[in-house]
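So you can see what is in the structure, the chains are spelled out below.
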Amino acid sequence: MEKKYDHKQIENKWKEFWYRDNIYKAVDFSEKPKKYILAELPYPSGPYLHAGHMMRYTVPDVYSRYLRMNGYNVMYPMGWDAFGLPTEGYALKMGKTPQEVTEELAKGYKQSAQDFGYGIDWDREITTSDPKYYKWTQWLFLKFFENGLAVQEEMPVWWCKELGVLAEEEVLTGKDGQKVSERGGYAVERKLFKQWVLRIPAYAEKLIDGLKETDFPDYIKTAQINWIGKSIGAEVEFKAVAGDKNITVFTTRIDTIYGASAVIISPEYENLYDFVAEEQRGGVEQYVKAAKQKSEMERTAIQKDKSGVFAGTYVLNPFSGEKHPVWVADFVLTTYGTGAIMCVPGHDERDHEFSVKYGLKIGQVVMPADGIEVDVQKEPYTGYGISINSGEYSNKPSEQVIMEMTQKAENENFGKFKINYKLRDWVFSRQRYWGEPIPVVYKNDGAIEAVVDTNDMPEVHKKLPVELPYTKDYQPSESGGAPLARLTDWVETTDKNGSPAKRETETMPTWAGSSWYYIRYCDPKNENAFADPEILKYWLPVDKYFGDGGHTTAHLLYSRFWHKFFYDLGLVPTPEPYKWRMTGGLLLGADGQKMSKSRGNVINPKEIVEHFGADACRLYLCFIGPYDETYPWDDHGVKATKRFIDNLFLLRNKVRDDEGAGAELEKDYNLMVKKVTDMCDDLKMNTCVSEFMIFANAAKKAPSISTGQWKGYIKLLAPFIPFVAEEFWHEINNFSTWDKNNSVHLQEWPKFDPSKLAENTVIIPVQINGKVRAEIEIDSNADERAVSELIKNNADLIKSLDGRQVRKLIYVKGKIVSLVV
RNA sequence: GGGCGAGUGGUGGAAUGGUAUACACGCGACACUUAAAAUGUCGUCCACUUCGGUGGAUAAGGGUUCGAAUCCCUUCUCGCCCACCA
């Protein structure tokens, strides 16, 4: 029965059956324990899934298939994150509308996912740009709005007279250091503009705390904690010498306040000119203007070159009573703390640098606890220690001083305990067409009104979604404003009372739809709610979440924020959305460079599948190495896995049913089952493939393979090479027609027989002082005394010992003997 | 500059306290072939070797241990993320 491996024929046959009968269905409320395996949904930006996607989705697919065969009710869903720039950009390039290309691309992506044999329940497919989906994205947005977490705020953005609002990446630095727009080369400046923001800092504490409930790897937890950037300190008021104004600074080191030499405020400080003396006004204005030209990046990147200008006024130190000059400097950030700091050059690197440059006095008010001399004129001392030169606080440890001073400030009403976070408000509006319209209207008096009250469901169903109007005129405005503003018929509407009102014309960012898609997968077709709470109770949280490492402090944090907010509203049953997270590496071109059309090193998965077959490709992507690393594509690698599959077609000719068939392979087989099972649990798919190859090599040498071994082997292989496995499974069982219950993918995972692994005797090495000097064969149950006896009589060891006495013998059972002489 | 992670053959990697280099790629030799491809067999860390072996090697150096690629310290290199957060 010669049969050659014709991957096209095999793949076409089985994928039709699988997806027609939806054999990978995830069943709500199944009796079986559930597993929710999720990989970040792709955004459609090409006709076919690209190589990076195959890399991202194959290992999770193998894992979810493994779980399914181990008796779990598995959900491994997929959908399309179609709103946003990638799809809009593709549409612009193709000269079509985003609606047209989304439909086309989603179809292509689905087709390619099926070509790869992904075990997806397609009944749960979602598209974030589908009105049935974004109806609920808008509904959830309104929940934020109603609870004061979605607000409009003045944000510093790039502004250009000719083009309007620009993103950071649309601005270039000209030859003379002036900022210009990428398009047109017009002059730009920083300007405050009203933008929708989500107040994620309100959840900073919960986002830190919640990490305890997850099994995220430490590097992800640390990255999120660092990103949130919690710091504990105090706010302290410095009163102006002239007038009744004061400046509040934020500091984590109130204990160093006796060492302050100045108070520095940022150029964007709200009441800046209250602290500028008339004779300094010109200089300050010039400085502020220059600072506005610099981008945030520039202001922070050029650390060497601190700059500032004296404002000409003075404030009083609430502790020492000293008079400090007020300076304006752009190294002080407006967006953090109070936009003002106290300058303590003896104990802060930046303040030291600034003070050296402008000749501010540098004093020491903390000394190291170990008494070592430090020279703060040369270098600041930033550690804790003992306060000195600090009046009544001198000779006390820093920690104590911080507490006492903060207490005093609170008691006397010139300061307070304060926690700050680096985490900033999340800018949530885009001046783009292809996104969810923000569902609010502006009343005639300028007030903002939600289009509907989210609790009034009959109204919700009438008013949501605020559908994105179809138009061919969707390209970004030349003026930088929102394209939707051009659709005046759509903009003109009415408020709840029927009075004329204008629609919000800005849209949500790409991140919106993907912040809650894992919830919708649980109940994707629900028309009456964003998801049924009982169904969510069954599926959530996500058990394993695979995704992009770059999303750790973006999407992963954003969606945790949404989820925690929903949890507080009682909308979701768990405080955390994801139990566990793993980040995936990249697939590079064969030249080791990032794949790009300009380099011409792009791997086209469609061609790979056509040429080598989906199974060989899947196996290669598993074999290449651990999931979280980045690898160059290697044609030789796919050829190798293809060769392995070819060999399986030869091996199957050795399968026998008769007595004693496969006897030589019993140990190899059982060992493989054990190892592959353990490795799948640990997601080590690369070494699973090694085990398959080791068994194939052994089987090639053995006289025969038993039917039982072959069936077990096929089942182990099924998650990795689903098409070929299905073919072999039908062949060995003589299934002549398709019945979904006969699919190998719905069979039970093989068990191994531990008795087949046990050996009567084992050969282990004997070390003398750490060097292997002999190998001995021992009874596998031998105790230390028996081993000791054996060693005494071993000729090699007697020779190596050369009369020396064994001082100590260590026997690690079944592994090694170590002798110390 | 800071945080996190990683450095093992010519290459991807295996081994996470117990015989380092599994599995594969590549390369070499041989076989089959008119030839090539494909396939098969053997070899492939380094040095020495009387061909039995012996010694060395996991970025470099030090430490802990009977025993270290694995744990600790110092240095170097690379990657990712962040970058004046007071």
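Worth saying up front: this structure is predicted, and the values here are computed from it rather than measured.

Peer 1: Explanation requested: the pattern of salt bridges in the structure shown.
Peer 2: Scanning all chains against the criterion turns up 45 salt bridges. For Asp123, the salt bridge identified is with Lys25, shortest N-O distance 3.6 Å. With a gap of 98 residues between them, Asp123 in the loop between α4 (98-115) and β4 (126-127) and Lys25 in the loop between α1 (7-20) and β1 (34-39) connect regions that are remote in the sequence. On the basis of relative accessibility, which here comes to 43%, the residue Lys25 falls in the partly exposed class. In the salt-bridge network here, residues are joined through shared partners; they are Asp28, Asp121 and Arg124.

Peer 1: Just to check I follow, could you spell out helix α19 (residues 614-623) for this structure?
Peer 2: Think of an α-helix as turning once every 3.6 residues; residues three or four places apart then point the same way. In terms of burial, α19 is a largely internal element, nine of the ten residues being buried. Every buried residue belonging to α19 is among Ala614, Asp615, Ala616, Cys617, Arg618, Leu619, Tyr620, Leu621 and Cys622, and all of these are buried. Gly625 sits one or two residues past α19 and shows a positive phi near 150°.

Peer 1: Can you walk me through the packing of α1 against helix α18 (residues 605-612) in this structure?
Peer 2: Geometry of a packed helix pair, given as the angle between the helix axes and the separation of the axes. The contact between α1 and α18 brings their axes to 8 Å, and the two run at 110°. Considered as vectors, α1 and α18 are oriented roughly perpendicular to each other. Residues His7, Lys8 and Glu11 of α1 form the contact with α18, whose participating residues are Val609, Glu610, His611 and Phe612.

Peer 1: Help me understand the side chain of His730 in this model?
Peer 2: Turning to its location among the elements, His730 is positioned in helix α24 (residues 722-732). Owing to a relative accessible area of 5%, His730 belongs among the buried residues under this scheme.

Peer 1: Help me understand the sheet that holds strand β20 (residues 440-443) in this model?
Peer 2: By way of backbone hydrogen bonds, the strands of a sheet pair with one another, either parallel or antiparallel. A sheet is described by the order of its strands in space; here four strands give the open sequence β21-β20-β23-β22, paired in antiparallel fashion. Every other strand in the sheet has two partners, leaving β21 (448-450) and β22 (492-494) as the edge strands with one partner each. Neighbour to neighbour, the strand axes of the sheet diverge by 45° on average, direction disregarded. Pairing geometry for β22 and strand β23 (residues 500-503), over three bridges, is antiparallel. What sits directly across from Glu492, in β23, is Lys502.

Peer 1: Can you walk me through the environment of Asp28 in this structure?
Peer 2: Within the secondary structure, Asp28 is located in the loop between α1 and β1. Taking the C-alpha atoms as reference points, Asp28 and Val787, 759 residues apart in sequence, are found 57 Å from one another. Reaching out from Asp28, the side chain makes a polar contact with the side chain of Arg124 at a distance of 2.8 Å.

Peer 1: Would you take a moment to explain the sheet that holds strand β25 (residues 581-584) for this structure?
Peer 2: Taken in spatial order, the four strands line up as β2-β1-β24-β25 in an open sheet, and their pairing is parallel. At either end of the open sheet lies a strand with only one pairing partner, and these are β2 (73-75) and β25. Along the sheet, successive strands turn relative to each other by an average axial angle of 15°, direction set aside. Two elements, β1 and strand β24 (residues 544-548), share three bridges in a ladder whose sense is parallel. Paired with Leu38 across the two strands is Tyr545, which belongs to β24. In this fold helix α2 (residues 51-69) packs onto β1, β2, β24 and β25, with an angle of close to 170° to the strand it touches most, β1.

Conventions used here
- Residues numbered from 1 in each chain as written.
- Chains lettered and ligands numbered in written order.
- Predicted model: local features only at pLDDT ≥ 70, side-chain atom pairs only at ≥ 80, totals over all residues.
- Heavy atoms only, no water.
- Salt bridge = Lys/Arg side-chain N within 4 Å of Asp/Glu carboxyl O.
- Helix = DSSP H or I, 4+ residues; strand = E, 2+ residues; numbered from the N terminus.
- Buried < 20%, exposed > 50% of the residue type's maximum accessible area, 1.4 Å probe, protein only.
- Axes fitted to C-alpha atoms, helices over the stretch in contact; angles between N-to-C directions.
- Parallel < 35°, antiparallel > 145°, perpendicular 65-115°, else oblique.
- Contact = heavy atoms within 4.5 Å.
- Pairing = 2+ DSSP bridges.
- Polar contact = N/O pair within 3.5 Å; in protein donor to acceptor, adjacent residues only side chain to side chain.

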